[in-house]
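# Report on the structure
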Amino acid sequence: MSHALPKVGVVARPAAYRTTDGTPVGPDEYDLAVRMVSMHAPHPAIGLTSAVALATAAATPGTLAHRVARQTADGTLRLGTPAGVITARAVPAAEGASPTVLLHRAARRIARAELLVPVLEGRPA
């Protein structure tokens, strides 16, 4: 889909903000602020592809993301998104190679359902 590319985002140093559900997030709770655009609209958090690209950039000296992000000893990068903080970890690779990026995303409930199954006459329930 042509409207899915390019992936565009804005990064900044950490600052206090509120998530879309109103939860306060302090500047010490994350390492890099990010707001992404996806499919011509603000992304509600950050897509996995964008998170991997941003973690790679933040681990690569000379990039804007590297200059702006708070660096950690183990390569962990906490991304402050509109939905909250997403954690990625860049594991260094051999000289000149991109790091391996590890992500952890927790599933959220998207529906709750009750299924009513009819009992056919003459059959036990």
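Residues numbered from 1 in each chain as written. Predicted model: local features only at pLDDT ≥ 70, side-chain atom pairs only at ≥ 80, totals over all residues. Heavy atoms only, no water.

Once that is clear, we can look at the overall build of the protein chain. Looking only at helices and strands, the protein chain features two helices and eight strands. Listing every helix and strand of the protein chain by position from the N terminus yields β-β-β-β-β-α-α-β-β-β. If you take every contact in the protein chain between residues at least 6 apart in sequence, the share linking residues at least 24 apart comes to 51%. For the protein chain, the accessible area works out to roughly 8,800 Å², and carbon and sulfur atoms hold 59% of it. (Helix = DSSP H or I, 4+ residues; strand = E, 2+ residues; numbered from the N terminus. Contact = heavy atoms within 4.5 Å. Areas by Shrake-Rupley, 256 points an atom, 1.4 Å probe, with all protein chains shown as cover.)

With that out of the way, let us pick up the pairing of strand β6 (residues 76-81). Across the six residues that make up β6, a large majority, five, are buried. With six bridges joining them, β6 and strand β7 (residues 84-91) adopt antiparallel strand pairing. Paired with R78 across the bridge in β7 is T87. Two successive antiparallel strands, β6 and β7, enclose a turn made up of two residues. (Buried < 20%, exposed > 50% of the residue type's maximum accessible area, 1.4 Å probe, protein only. Pairing = 2+ DSSP bridges.)

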